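Residue strings, one per chain:
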Amino acid sequence: MLEHKSIRKYIDDMPSDDTIETIVRAGQQAPFASQAYSVLLSRRRGRNPYRAPLLFTLCVDYHKLELIMAKRKWKPVTNDLTLMFFGIQDVSLMAENMVVAGRSLGLGSCLLGGAMYRADIIAKSYKLPKRVFPLVQLVMGYPDESPSSRPRYPMEFTLFEDEYPELDDGAVSRAMSAMDDGYLAQNYYRGQRAKIPLEKGARKETYTYDSYSWTEHISRKWGQWHMKPKELLDLLEERGFFITEERTRKVSIEFCLRLVSSASAYISSVEACSRKSVPSERNSMEKRFHMWFSKSRSRRTCAAWARGWVVSLL
Ligand SMILES: Cc1cc2nc3c(=O)[nH]c(=O)nc-3n(C[C@H](O)[C@H](O)[C@H](O)COP(=O)(O)O)c2cc1C
(Lines give C-alpha, C1' and ligand atoms only; values in the text may rest on other atoms or scores of the structure.)
Protein backbone atom coordinates (compact mmCIF):
# COMPACT_ATOMS: atom_id res chain seq x y z
CA MET A 1 0.00 0.00 0.00
CA LEU A 2 2.87 2.35 0.74
CA GLU A 3 3.98 1.88 -2.84
CA HIS A 4 0.67 2.83 -4.40
CA LYS A 5 0.80 5.20 -7.35
CA SER A 6 -1.75 6.04 -10.00
CA ILE A 7 -0.92 4.62 -13.43
CA ARG A 8 -1.80 6.51 -16.60
CA LYS A 9 -0.04 4.41 -19.26
CA TYR A 10 -1.00 0.81 -20.01
CA ILE A 11 0.17 -2.02 -22.24
CA ASP A 12 -2.37 -3.61 -24.58
CA ASP A 13 -2.88 -6.89 -22.67
CA MET A 14 -6.45 -7.40 -21.57
CA PRO A 15 -6.88 -8.82 -18.04
CA SER A 16 -8.78 -12.12 -17.99
CA ASP A 17 -12.40 -12.50 -16.88
CA ASP A 18 -11.12 -14.29 -13.77
CA THR A 19 -8.84 -11.39 -12.89
CA ILE A 20 -11.65 -8.89 -13.38
CA GLU A 21 -14.05 -10.86 -11.22
CA THR A 22 -11.42 -11.32 -8.50
CA ILE A 23 -10.89 -7.56 -8.39
CA VAL A 24 -14.60 -6.80 -8.18
CA ARG A 25 -15.08 -9.56 -5.61
CA ALA A 26 -12.33 -7.96 -3.50
CA GLY A 27 -14.13 -4.65 -3.90
CA GLN A 28 -17.33 -6.21 -2.62
CA GLN A 29 -15.56 -7.55 0.44
CA ALA A 30 -14.90 -3.98 1.69
CA PRO A 31 -16.90 -2.99 4.77
CA PHE A 32 -20.27 -1.62 3.73
CA ALA A 33 -23.15 0.35 5.19
CA SER A 34 -25.75 -1.03 2.76
CA GLN A 35 -23.93 -2.35 -0.34
CA ALA A 36 -25.34 0.70 -2.10
CA TYR A 37 -23.18 0.23 -5.18
CA SER A 38 -22.94 -1.28 -8.63
CA VAL A 39 -19.93 -1.57 -10.91
CA LEU A 40 -20.19 -0.93 -14.64
CA LEU A 41 -17.44 -2.25 -16.90
CA SER A 42 -16.20 -1.18 -20.32
CA ARG A 43 -13.41 -3.05 -22.11
CA ARG A 44 -13.40 -0.69 -25.09
CA ARG A 45 -9.80 0.30 -24.77
CA GLY A 46 -9.91 2.73 -27.65
CA ARG A 47 -12.59 4.77 -25.90
CA ASN A 48 -11.38 4.46 -22.33
CA PRO A 49 -9.44 7.30 -20.66
CA TYR A 50 -5.67 6.81 -20.86
CA ARG A 51 -6.50 4.02 -23.36
CA ALA A 52 -6.78 1.69 -20.38
CA PRO A 53 -8.02 -1.85 -21.12
CA LEU A 54 -10.59 -1.64 -18.33
CA LEU A 55 -12.87 1.16 -17.28
CA PHE A 56 -14.97 0.58 -14.18
CA THR A 57 -17.69 3.08 -13.34
CA LEU A 58 -18.66 2.82 -9.71
CA CYS A 59 -22.19 3.94 -8.96
CA VAL A 60 -24.11 4.74 -5.82
CA ASP A 61 -27.03 2.37 -6.29
CA TYR A 62 -30.25 2.45 -4.26
CA HIS A 63 -32.29 0.89 -7.07
CA LYS A 64 -31.34 -2.66 -6.07
CA LEU A 65 -31.84 -2.05 -2.36
CA GLU A 66 -35.25 -0.53 -2.97
CA LEU A 67 -36.26 -3.58 -5.01
CA ILE A 68 -35.37 -5.72 -2.00
CA MET A 69 -37.22 -3.38 0.37
CA ALA A 70 -40.30 -3.42 -1.90
CA LYS A 71 -40.38 -7.21 -1.74
CA ARG A 72 -40.48 -6.80 2.02
CA LYS A 73 -43.19 -4.11 1.60
CA TRP A 74 -40.95 -1.27 2.78
CA LYS A 75 -40.20 2.11 1.25
CA PRO A 76 -37.15 4.21 2.06
CA VAL A 77 -38.10 7.34 3.98
CA THR A 78 -34.58 8.36 4.96
CA ASN A 79 -33.65 11.56 3.14
CA ASP A 80 -31.49 11.32 0.01
CA LEU A 81 -28.66 13.41 1.49
CA THR A 82 -28.12 10.80 4.19
CA LEU A 83 -28.46 7.96 1.69
CA MET A 84 -26.01 9.65 -0.67
CA PHE A 85 -23.42 10.16 2.10
CA PHE A 86 -23.62 6.48 3.03
CA GLY A 87 -23.59 5.45 -0.64
CA ILE A 88 -20.46 7.52 -1.30
CA GLN A 89 -18.74 5.78 1.59
CA ASP A 90 -19.76 2.34 0.31
CA VAL A 91 -18.48 3.15 -3.18
CA SER A 92 -15.23 4.69 -1.93
CA LEU A 93 -14.31 1.71 0.20
CA MET A 94 -15.11 -0.63 -2.67
CA ALA A 95 -13.01 1.45 -5.08
CA GLU A 96 -9.97 1.37 -2.85
CA ASN A 97 -10.29 -2.39 -2.33
CA MET A 98 -10.34 -2.77 -6.11
CA VAL A 99 -7.22 -0.60 -6.45
CA VAL A 100 -5.36 -2.70 -3.88
CA ALA A 101 -6.60 -6.01 -5.31
CA GLY A 102 -5.63 -4.92 -8.82
CA ARG A 103 -2.15 -4.06 -7.68
CA SER A 104 -1.74 -7.42 -5.95
CA LEU A 105 -2.47 -9.01 -9.34
CA GLY A 106 0.04 -6.82 -11.17
CA LEU A 107 -2.41 -4.22 -12.46
CA GLY A 108 -2.11 -0.47 -12.20
CA SER A 109 -5.05 1.88 -11.94
CA CYS A 110 -6.17 5.48 -11.72
CA LEU A 111 -9.35 6.92 -10.26
CA LEU A 112 -11.20 9.54 -12.28
CA GLY A 113 -13.42 11.98 -10.45
CA GLY A 114 -15.32 13.52 -13.37
CA ALA A 115 -18.05 10.86 -13.69
CA MET A 116 -20.56 12.66 -11.51
CA TYR A 117 -20.54 15.65 -13.86
CA ARG A 118 -21.36 13.33 -16.76
CA ALA A 119 -23.95 11.33 -14.86
CA ASP A 120 -26.59 11.96 -17.54
CA ILE A 121 -24.38 10.74 -20.41
CA ILE A 122 -23.14 7.71 -18.49
CA ALA A 123 -26.69 6.88 -17.42
CA LYS A 124 -27.86 6.93 -21.02
CA SER A 125 -24.97 4.88 -22.29
CA TYR A 126 -25.33 2.12 -19.65
CA LYS A 127 -29.15 2.39 -19.51
CA LEU A 128 -29.10 3.07 -15.79
CA PRO A 129 -32.38 3.01 -13.91
CA LYS A 130 -33.28 5.88 -11.59
CA ARG A 131 -31.66 5.83 -8.15
CA VAL A 132 -28.31 4.82 -9.66
CA PHE A 133 -25.73 7.61 -9.71
CA PRO A 134 -22.30 7.23 -11.37
CA LEU A 135 -19.89 8.55 -8.75
CA VAL A 136 -16.35 7.74 -9.79
CA GLN A 137 -14.48 5.83 -12.48
CA LEU A 138 -11.45 3.58 -12.23
CA VAL A 139 -9.23 2.75 -15.18
CA MET A 140 -7.12 -0.36 -14.90
CA GLY A 141 -4.64 -2.43 -16.84
CA TYR A 142 -1.09 -3.71 -16.86
CA PRO A 143 1.24 -0.71 -16.35
CA ASP A 144 3.45 0.71 -19.05
CA GLU A 145 5.12 3.16 -16.68
CA SER A 146 6.70 2.97 -13.27
CA PRO A 147 6.52 6.34 -11.55
CA SER A 148 7.74 6.95 -8.01
CA SER A 149 5.17 7.13 -5.24
CA ARG A 150 3.71 10.59 -4.87
CA PRO A 151 4.21 12.58 -1.69
CA ARG A 152 1.70 12.98 1.12
CA TYR A 153 1.34 15.47 3.98
CA PRO A 154 3.73 14.95 6.91
CA MET A 155 2.33 13.04 9.88
CA GLU A 156 2.18 16.25 12.00
CA PHE A 157 -0.38 17.58 9.46
CA THR A 158 -2.45 14.41 9.41
CA LEU A 159 -2.64 12.57 12.71
CA PHE A 160 -3.99 14.56 15.66
CA GLU A 161 -4.19 12.76 18.96
CA ASP A 162 -6.86 13.76 21.47
CA GLU A 163 -7.40 17.22 20.05
CA TYR A 164 -7.05 19.15 16.81
CA PRO A 165 -3.94 21.36 17.14
CA GLU A 166 -3.59 24.98 16.16
CA LEU A 167 -1.73 24.68 12.88
CA ASP A 168 0.88 27.42 12.93
CA ASP A 169 2.58 28.93 9.91
CA GLY A 170 5.59 26.62 10.26
CA ALA A 171 3.44 23.48 10.16
CA VAL A 172 1.53 24.74 7.10
CA SER A 173 4.77 25.64 5.29
CA ARG A 174 6.34 22.27 6.06
CA ALA A 175 3.27 20.49 4.71
CA MET A 176 3.31 22.65 1.56
CA SER A 177 7.00 22.01 0.96
CA ALA A 178 6.61 18.28 1.41
CA MET A 179 3.95 18.22 -1.28
CA ASP A 180 5.40 20.80 -3.68
CA ASP A 181 9.01 19.60 -3.53
CA GLY A 182 7.85 16.00 -3.91
CA TYR A 183 5.75 16.65 -7.01
CA LEU A 184 8.37 18.97 -8.56
CA ALA A 185 11.07 16.34 -8.07
CA GLN A 186 8.96 14.00 -10.20
CA ASN A 187 8.13 16.63 -12.85
CA TYR A 188 4.59 15.46 -12.25
CA TYR A 189 2.60 18.38 -13.69
CA ARG A 190 5.01 18.96 -16.59
CA GLY A 191 4.75 15.27 -17.48
CA GLN A 192 0.97 15.47 -17.53
CA ARG A 193 0.75 19.00 -19.01
CA ALA A 194 -1.77 19.48 -16.24
CA LYS A 195 -1.40 23.13 -15.28
CA ILE A 196 -4.86 24.56 -14.58
CA PRO A 197 -5.28 27.86 -16.46
CA LEU A 198 -6.19 30.96 -14.48
CA GLU A 199 -9.59 32.44 -15.09
CA LYS A 200 -9.42 35.53 -17.27
CA GLY A 201 -8.38 38.69 -15.48
CA ALA A 202 -8.42 37.14 -12.02
CA ARG A 203 -4.65 36.84 -11.49
CA LYS A 204 -1.46 37.14 -13.47
CA GLU A 205 0.19 33.87 -14.46
CA THR A 206 3.61 33.71 -12.82
CA TYR A 207 4.08 29.94 -12.70
CA THR A 208 6.01 27.76 -15.11
CA TYR A 209 6.35 24.00 -14.87
CA ASP A 210 9.57 24.68 -12.90
CA SER A 211 7.52 26.18 -10.06
CA TYR A 212 3.93 24.92 -10.57
CA SER A 213 3.21 22.19 -8.06
CA TRP A 214 0.54 20.59 -5.95
CA THR A 215 -0.45 23.43 -3.60
CA GLU A 216 -0.88 25.85 -6.51
CA HIS A 217 -2.73 23.17 -8.50
CA ILE A 218 -5.18 22.31 -5.75
CA SER A 219 -5.70 26.02 -4.94
CA ARG A 220 -6.53 26.76 -8.58
CA LYS A 221 -8.82 23.76 -8.74
CA TRP A 222 -11.02 24.59 -5.78
CA GLY A 223 -10.40 28.36 -5.90
CA GLN A 224 -12.01 29.00 -9.28
CA TRP A 225 -14.24 26.11 -10.28
CA HIS A 226 -17.86 25.06 -9.84
CA MET A 227 -19.04 27.76 -7.49
CA LYS A 228 -22.70 26.79 -7.65
CA PRO A 229 -24.14 23.45 -6.65
CA LYS A 230 -27.04 23.61 -9.11
CA GLU A 231 -25.41 21.67 -11.95
CA LEU A 232 -24.70 18.71 -9.71
CA LEU A 233 -28.04 18.94 -7.92
CA ASP A 234 -29.81 18.87 -11.31
CA LEU A 235 -27.82 15.81 -12.37
CA LEU A 236 -28.68 14.11 -9.10
CA GLU A 237 -32.35 14.95 -9.53
CA GLU A 238 -32.30 13.53 -13.06
CA ARG A 239 -31.05 10.32 -11.50
CA GLY A 240 -33.82 10.38 -8.91
CA PHE A 241 -31.94 11.80 -5.92
CA PHE A 242 -33.42 14.89 -4.26
CA ILE A 243 -30.81 16.32 -1.96
CA THR A 244 -32.28 19.70 -1.02
CA GLU A 245 -35.36 20.00 1.09
CA GLU A 246 -35.86 23.48 -0.39
CA ARG A 247 -36.86 21.94 -3.67
CA THR A 248 -39.58 19.84 -2.08
CA ARG A 249 -40.75 22.87 -0.14
CA LYS A 250 -40.58 25.09 -3.21
CA VAL A 251 -42.56 22.58 -5.24
CA SER A 252 -45.24 22.25 -2.59
CA ILE A 253 -45.52 26.01 -2.01
CA GLU A 254 -45.76 26.62 -5.76
CA PHE A 255 -48.32 23.85 -6.02
CA CYS A 256 -50.44 25.26 -3.15
CA LEU A 257 -50.30 28.78 -4.55
CA ARG A 258 -51.37 27.57 -7.97
CA LEU A 259 -54.16 25.51 -6.42
CA VAL A 260 -55.36 28.37 -4.26
CA SER A 261 -55.27 30.94 -7.06
CA SER A 262 -57.17 28.70 -9.49
CA ALA A 263 -59.68 27.89 -6.76
CA SER A 264 -60.06 31.58 -6.05
CA ALA A 265 -60.58 32.43 -9.73
CA TYR A 266 -63.10 29.64 -10.03
CA ILE A 267 -65.04 30.71 -6.97
CA SER A 268 -65.09 34.35 -8.10
CA SER A 269 -66.60 33.29 -11.38
CA VAL A 270 -69.13 31.14 -9.53
CA GLU A 271 -70.01 34.11 -7.34
CA ALA A 272 -70.40 36.29 -10.39
CA CYS A 273 -72.78 33.74 -11.78
CA SER A 274 -74.68 33.65 -8.48
CA ARG A 275 -75.26 37.38 -9.10
CA LYS A 276 -76.57 36.28 -12.50
CA SER A 277 -73.90 38.22 -14.34
CA VAL A 278 -72.39 35.57 -16.55
CA PRO A 279 -69.29 37.04 -18.23
CA SER A 280 -69.87 37.33 -21.96
CA GLU A 281 -66.57 35.65 -22.94
CA ARG A 282 -67.61 32.32 -21.41
CA ASN A 283 -68.46 29.41 -23.69
CA SER A 284 -71.87 27.79 -23.70
CA MET A 285 -70.87 24.88 -21.42
CA GLU A 286 -69.65 27.30 -18.79
CA LYS A 287 -72.74 29.45 -19.19
CA ARG A 288 -75.01 26.47 -18.64
CA PHE A 289 -73.03 25.45 -15.57
CA HIS A 290 -73.25 28.97 -14.17
CA MET A 291 -76.97 29.07 -14.69
CA TRP A 292 -77.35 25.73 -12.94
CA PHE A 293 -75.23 27.02 -10.07
CA SER A 294 -77.04 30.29 -9.60
CA LYS A 295 -80.43 28.61 -9.30
CA SER A 296 -79.67 27.06 -5.92
CA ARG A 297 -79.30 29.04 -2.71
CA SER A 298 -77.32 26.28 -1.01
CA ARG A 299 -74.87 26.23 -3.92
CA ARG A 300 -74.37 29.97 -3.56
CA THR A 301 -73.83 29.65 0.18
CA CYS A 302 -71.33 26.92 -0.46
CA ALA A 303 -69.43 29.16 -2.91
CA ALA A 304 -69.34 32.03 -0.43
CA TRP A 305 -67.99 29.71 2.26
CA ALA A 306 -65.32 28.29 -0.03
CA ARG A 307 -64.27 31.77 -1.11
CA GLY A 308 -63.81 32.83 2.52
CA TRP A 309 -61.68 29.76 3.11
CA VAL A 310 -59.47 30.43 0.09
CA VAL A 311 -59.07 34.13 0.95
CA SER A 312 -58.00 33.23 4.49
CA LEU A 313 -55.41 30.83 3.01
CA LEU A 314 -54.00 33.56 0.79
C1 LIG B 1 -11.74 10.96 -6.22
C2 LIG B 1 -10.52 10.99 -7.08
C3 LIG B 1 -10.59 11.57 -8.33
C4 LIG B 1 -9.47 11.57 -9.17
N5 LIG B 1 -9.60 12.10 -10.41
C6 LIG B 1 -8.54 12.00 -11.27
C7 LIG B 1 -8.69 12.41 -12.62
O8 LIG B 1 -9.74 12.89 -13.04
N9 LIG B 1 -7.62 12.29 -13.45
C10 LIG B 1 -6.44 11.75 -13.03
O11 LIG B 1 -5.53 11.64 -13.84
N12 LIG B 1 -6.27 11.35 -11.75
C13 LIG B 1 -7.30 11.46 -10.87
N14 LIG B 1 -7.16 11.00 -9.57
C15 LIG B 1 -5.88 10.45 -9.13
C16 LIG B 1 -5.13 11.45 -8.29
O17 LIG B 1 -4.64 12.47 -9.12
C18 LIG B 1 -4.01 10.75 -7.56
O19 LIG B 1 -4.52 9.72 -6.77
C20 LIG B 1 -3.23 11.73 -6.68
O21 LIG B 1 -2.57 12.66 -7.49
C22 LIG B 1 -2.20 11.02 -5.83
O23 LIG B 1 -1.34 10.31 -6.67
P24 LIG B 1 -1.11 8.75 -6.50
O25 LIG B 1 -2.43 8.08 -6.63
O26 LIG B 1 -0.19 8.39 -7.63
O27 LIG B 1 -0.49 8.54 -5.17
C28 LIG B 1 -8.24 11.01 -8.72
C29 LIG B 1 -8.19 10.43 -7.45
C30 LIG B 1 -9.30 10.41 -6.64
C31 LIG B 1 -9.22 9.75 -5.29
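Look a little higher up for the structure.
Worth saying up front: this structure is predicted, and the values here are computed from it rather than measured.

1. Points about the overall build of the chain
Regarding its fold elements, the chain presents 11 helices and four strands. The buried share of the chain, reckoned over its 314 residues, is 20%. In the chain, the share of contacts with a sequence separation of at least 24, taken over all contacts with a separation of at least 6, comes to 73%.

2. What to know about the site of the ligand
The full set of residues close to the ligand is H4, K5, S6, R8, C110, L111, L112, G113, G114, V136 and R150. For the shell around the ligand, the leading source of residues is strand β3 (residues 108-112), giving three residues.

3. A closer look at helix α3 (residues 80-104)
Taking 1.5 Å of rise per residue, the 25 residues of α3 would be expected to cover 36 Å, and the 36 Å separating its terminal C-alpha atoms lies within 8% of that figure. Within α3, burial applies to D80, L83, G87, D90, V91, M94, A95, M98, V99, A101 and G102. Against the buried residues of α3 lie α1 (17-28), β1 (37-42), β2 (54-61), β3 and β4 (132-141).

4. Quick word on unusual backbone geometry
Negative phi is the rule for most residues except glycine; trans is the rule for most peptide bonds. In this structure, Y50 takes a positive phi of about 55° despite not being glycine. One can find Y50 in the loop between β1 and β2. The residue N187 is not glycine, and still its phi comes out positive at about 55°. The residue N187 is located in the loop between α5 (169-185) and α6 (188-192) in this model.

5. Some remarks on the pairing of β2
In terms of burial, β2 is a largely internal element, eight of the eight residues being buried. A two-sided burial pattern is seen for β2, the buried positions comprising L54, F56, L58 and V60 on one face and L55, T57, C59 and D61 on the other. Looking at chain direction, β1 and β2 are connected through six bridges and run antiparallel. Among the inter-strand pairings, L41 is bridged to a residue of β2, identified as F56. Inspection of the sheet shows β2 paired to β4 by eight bridges, in the antiparallel sense.

6. A few points about the environment of R220
Tracing the backbone through its elements, the reader meets R220 in helix α7 (residues 214-223). Measuring from C-alpha to C-alpha, the distance between R220 and I196 comes to 6.6 Å, with 24 residues separating the pair along the chain. In this structure R220 touches I196 and L198, once residues within four positions along its chain are discounted.

Reading guide: rules and limits
- Residues numbered from 1 in each chain as written.
- Predicted model: local features only at pLDDT ≥ 70, side-chain atom pairs only at ≥ 80, totals over all residues.
- Helix = DSSP H or I, 4+ residues; strand = E, 2+ residues; numbered from the N terminus.
- Buried ≥ 20, exposed ≤ 12 C-beta atoms within 10 Å, placed from the backbone.
- Contact = placed C-beta atoms within 7 Å.
- Near = placed C-beta within 6 Å.
- Expected span 1.5 Å × (residues − 1).
- Pairing = 2+ DSSP bridges.

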